[in-house]
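Each chain is listed here by its residues.
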Amino acid sequence: MRSNSARPSESLLEELQAALSHGTVARRLETLRRVTDLFVGNAVDYSDDHIRVFDDVFQCLIEQIETSAKALLAERLAPIAAAPPQIIRTLALDEVIEVSGPVLSKSERLDEATLVEIARTRSQAHLKAISLRRTLSEALTDVLVARGNEDVVQSTAGNPGARFSEESLADLVIRAERDDDLAGCIGLRPDLPRHHYLRLVAKASSSVRRKLATAHPELADEVSRAVEEAAQRVRAVARTKQTEMARALVKSLHEDGRLNELQVATFAEQGKFDETNAALAALAGIAVETAETMMIESRTEGVMILAKAAGMQWSSVRAIIALREKLSGGSQTDMLKLRDTYEALRPSTAQQALRFHRMQLHATPAA
């Protein structure tokens with residue numbers, strides 16, 4: 001320690017000994033307050049050894065004291081980066097949210113294993129507190145998204161310091177289909193991958209269209225046109241530098257005669273959505289936007305139509321379908337049944353279906 005002011009006085013040591021030995025609850029509370037003041041006032045000066053001593057003292061003093069006193073201790077220790085780790089863990093594990101909440105939401109002393117344990121076993125209030133932390137790892141958000149209620153999930157999705165796995169993002173997008181507030185929250189995240197963003201927009205646009213058309217049936221055509229135009233603007237804004245680079249790469253390969261079915265399958269197996277989509281569009285001879293619309297729709301027919309028009313074998317188509325399933329987080333499809341459907345699909349039928357998709361994409365509703 002740096003100075004004498006950082007050392008407990010002899011009178012405080014005597015008081016501590018008396019409080020721990022045979023003091024009343026009131027005496028414990030007063031001693032706890034004084035020890036807390038001493039620690040908070042000089043926390044930056046203490047060595048690891050001194051912090052361990054305080055840890056032991058706090059652990060002894062909080063026995064048999066009221067919840068309100070524990071909650072106050074949690075509030076005071078939670079923001080301190082060098083807070084004693086064991087008392088922080090004890091407070092975090094408390095079932096009373098008034099005690100554990102401040103530590104769960106603020107303390108940087110909590111190790112991730114403890115946070116994950118609490119997220120898996122405690123109440124929704126505990127999960128909500130964790131969702132408010134400055135940063136959240138993928139391991140934590142996986143549990144919060146899987147176990148959390150609407151409030152917890154929205155809080156987690158709105159946390160700019162949260163990081164999400166592919167599985168959690170797919171789950172969030174699926175849940176957002178029936179929760180407009182969550183959809184808006186997820187859509188504003190700058191780190192949301194493009195394929196998830198496009199799927200979110202497609203679902204949200206459909207939902208908005210149905211709601212507005214139901215409320216104002218006489219304006220259904222105008223509503224449909226407005227939503228479609230908005231979706232096209234959003235799609236353009238959603239294009240990232242990475243997307244443009246992927247499309248440029250595929251264009252170069254195609255122009256040089258190096259783009260083939262094997263390359264498309266390789267892109268899919270590597271999990272490269274933008275490259276796979278652009279390559280499939282090039283081989284099928286359609287606009288990349290049209291292919292993208294067919295790639296992100298919920299059913300697999302669109303992918304099979306594109307692949308059949310491009311003259312691809314089932315093994316390559318399977319890789320593309322597997323990519324879609326991985327990115328969307330949807331349930332696994334019956335590949336044997338899809339294979340039979342694909343083998344029975346005629347190229348002429350696929351071309352006709354493509355023309356229909358082009359017409360739908362570019363049609364302008366009548367005024």
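Here is a short report on the structure shown in this document. (Residues numbered from 1 in each chain as written. Predicted model: local features only at pLDDT ≥ 70, side-chain atom pairs only at ≥ 80, totals over all residues. Heavy atoms only, no water.)

**Some remarks on the overall build of the protein chain**
Next, step 1: Across its full length, the protein chain carries 22 helices and zero strands.
Next, step 2: With 367 residues in all, the protein chain has 45% of them scored as buried.
Next, step 3: Across the protein chain, every contact between residues at least 6 apart in sequence was considered, and the portion connecting residues at least 24 apart equals 63%.
Next, step 4: For the protein chain, the exposed surface amounts to about 19,100 Å²; the carbon and sulfur share of it is 52%. (Helix = DSSP H or I, 4+ residues; strand = E, 2+ residues; numbered from the N terminus. Buried < 20%, exposed > 50% of the residue type's maximum accessible area, 1.4 Å probe, protein only. Contact = heavy atoms within 4.5 Å. Areas by Shrake-Rupley, 256 points an atom, 1.4 Å probe, with all protein chains shown as cover.)

**Points about the pattern of salt bridges**
Next, step 1: If you walk through the whole model with that rule in mind, you get 14 salt bridges.
Next, step 2: A salt bridge links Asp-191 to Arg-163; its shortest N-O distance comes to 3.9 Å. Here Arg-163 lies in the loop between helix H10 (150–157) and helix H11 (166–176) and Asp-191 lies in the loop between helix H12 (180–187) and helix H13 (194–215), a separation of 28 residues in the sequence.
Next, step 3: Here Asp-191 falls in the partly exposed class, since its relative accessible area comes to 37%.
Next, step 4: Among the ionic pairs, Asp-191 bridges to Arg-189, the shortest N-O distance being 3.0 Å.
Next, step 5: Classification of Arg-189 by relative accessible area gives buried; the value is 9%.
Next, step 6: The structure contains a network of salt bridges with shared partners spanning Glu-30, Arg-33, Asp-37 and Arg-76. (Salt bridge = Lys/Arg side-chain N within 4 Å of Asp/Glu carboxyl O.)

**A few points about the packing of helix H4 (residues 67–77) against helix H5 (residues 85–92)**
Next, step 1: Running from N to C, H4 and H5 cross one another at 125°; their axes reach a closest spacing of 11 Å. By the angle between their directions, the pair H4 and H5 is classed as oblique. Between H4 and H5 the crossing geometry is left-handed. Residues Lys-70, Leu-73, Ala-74 and Leu-77 of H4 touch H5, and the partners they reach there are Ile-87, Ile-88 and Leu-91.
Next, step 2: Looking at the contact of H4 with H5 residue by residue, the class counts come to six nonpolar, no polar and one charged. (Axes fitted to C-alpha atoms, helices over the stretch in contact; angles between N-to-C directions. Parallel < 35°, antiparallel > 145°, perpendicular 65-115°, else oblique. Left-handed = near helix turned anticlockwise from the far one by under 90°. Nonpolar A, V, L, I, M, F, W, Y, C, P; charged D, E, K, R; others polar.)

**Quick look at the environment of Asp-151**
Next, step 1: Looking at where Asp-151 falls in the secondary structure, it is placed in helix H10.
Next, step 2: When the C-alpha positions of Asp-151 and Gln-124 are compared, they lie 8.8 Å apart, and in sequence the two are 27 residues distant.

**Side note on the packing of aromatic side chains**
The geometry of an aromatic ring pair comes down to the distance between the two centres and the angle between the two planes.
Next, step 1: Applying the stated criterion across every chain, the model contains six aromatic pairs.
Next, step 2: Each ring, one from Phe-54 and one from Phe-58, has its centre 6.3 Å from the other, and the planes form 35°; the classification is tilted. Taken together, the residues Phe-54 and Phe-58, both in helix H3 (residues 48–61) and four residues apart, mark about one turn of the helix. Across the pair, exposure class does not vary: Phe-54 and Phe-58 are buried alike.
Next, step 3: In this structure an aromatic cluster arises from ring pairing among Phe-39, Tyr-46, Phe-54 and Phe-58.
Next, step 4: Its guanidinium or amino end placed over the ring of Tyr-342, Lys-308 lies 4.3 Å from that ring's centre, counting from NZ or CZ. (Phe/Tyr/Trp six-rings, centres within 6.5 Å; stacked < 30°, edge-to-face > 60°. Lys NZ or Arg CZ within 6 Å of the ring centre and 35° of its normal.)

**Here we look at the environment of Arg-339**
Next, step 1: In this fold, Arg-339 is placed in helix H21 (residues 335–344).
Next, step 2: C-alpha of Arg-339 to C-alpha of Arg-318: the two residues are 21 residues apart in sequence and 8.1 Å apart in space.

**Considerations on the nonpolar core**
Next, step 1: Phe-39, Phe-58, Leu-77 and Ile-130 are the most contacted members of the largest nonpolar core, which has 58 residues in total.
Next, step 2: Contacts of Phe-39, omitting those with residues within four sequence positions, involve Tyr-46, Ile-51, Phe-54, Phe-58, Leu-77, Ile-80, Ala-82, Ala-83 and Pro-84.
Next, step 3: If you look at the next biggest cluster of nonpolar residues, it comprises 40 residues, including Ala-268, Ala-291, Ile-305 and Leu-327. (Core = buried A, V, L, I, M, F, W, Y, C linked by side-chain atoms within 4.5 Å.)

**Details of H3**
Next, step 1: The end-to-end C-alpha distance of H3, which contains 14 residues, comes to 20 Å, matching closely the 20 Å that a straight helix rising 1.5 Å per residue would cover.
Next, step 2: Buried within H3 are the following residues: Ile-51, Phe-54, Asp-55, Val-57, Phe-58 and Leu-61. (Expected span 1.5 Å × (residues − 1).)

**What about the packing of helix H16 (residues 261–269) against helix H17 (residues 273–284)?**
The description of two packed helices rests on the angle between their axes and on the distance between the axes.
Next, step 1: Where H16 meets H17, the closest approach of the two axes is 8 Å, and the angle between their N-to-C directions is 160°. What the angle tells us is that H16 and H17 run roughly antiparallel. Seen along the crossing, H16 lies across H17 with a hand that is left-handed. Here H16 contributes Glu-261, Val-264, Phe-267 and Ala-268 to the contact with H17, which in turn contributes Glu-275, Thr-276, Ala-279 and Leu-283.
Next, step 2: A per-class count over the contact of H16 with H17 returns five nonpolar, one polar and two charged.

By themselves, these figures tell us nothing about what the structure is for.
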